[in-house]
Amino acid sequence: MTYTQAMSQQAYQQNQFQTASPGELTLMLYNGCLKFLRLAKRGLEAENYEEKNKNITKAQNIIRELMVTLQVNDETSEQMLKLYDYVHDQLIQANVHNRKENLDNAEAIVTEFRDTWKQVIQVDRQNRHQGGQLPV
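The model shown is predicted, which means the values in this text are computed figures rather than measured ones.

Visitor: Looking at this model, I keep getting lost on the overall build of the chain. Mind explaining?
Guide: When its secondary structure is counted, the chain shows 5 helices and 0 strands. When the helices and strands of the chain are placed in sequence order, the string is α-α-α-α-α. A total of 136 residues make up the chain; the buried ones form 30% of that total. Accessible surface computed for the chain: about 9,300 Å², of which carbon and sulfur atoms make up 51%.

Given below as structure tokens:
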């Protein structure tokens, strides 16, 4: 990748973050977390423990951010917080004991959150776009 291409990609990503809705930002966090989990697995499989640690740490930072920003005001959000805490624990265990199954456990839950959140965003968009139309 050339310098110009790299700068264009960086500008595009920065614009994406600046123009994203809170829901889209959350989706980006889930996608980023999944990316770092996959990279951590690759590092673990290659016995590149520095790479594994770096990417698990990035995934942990995202999970902590999701935990801090979660408004716990009902049973659903309390359950989400518990699942985030479980994912965070799985990441710690994976990092300390070099166990792929802990990364798999974390990835499964984050994937479920991401897929559900993606559906919520799609339904919300449909509702907003249909808001100005009269029912047939």
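Visitor: Mind showing me how you'd approach helix 5 (residues 100-130) here?
Guide: One full turn of an α-helix is made of 3.6 residues, so residues set three or four places apart face in the same direction. Helix length check: helix 5 (31 residues) gives 45 Å between terminal C-alpha atoms against 45 Å at 1.5 Å per residue, within 8%. Along helix 5, the positions that sit buried rather than exposed are Asn102, Leu103, Ala106, Glu107, Ile109, Val110, Phe113, Arg114 and Ile121. The inward-facing, buried residues of helix 5 abut helix 2 (22-45), helix 3 (49-69) and helix 4 (75-97).

The rules behind these values
- Residues numbered from 1 in each chain as written.
- Predicted model: local features only at pLDDT ≥ 70, side-chain atom pairs only at ≥ 80, totals over all residues.
- Heavy atoms only, no water.
- Helix = DSSP H or I, 4+ residues; strand = E, 2+ residues; numbered from the N terminus.
- Buried < 20%, exposed > 50% of the residue type's maximum accessible area, 1.4 Å probe, protein only.
- Areas by Shrake-Rupley, 256 points an atom, 1.4 Å probe, with all protein chains shown as cover.
- Expected span 1.5 Å × (residues − 1).
- Contact = heavy atoms within 4.5 Å.

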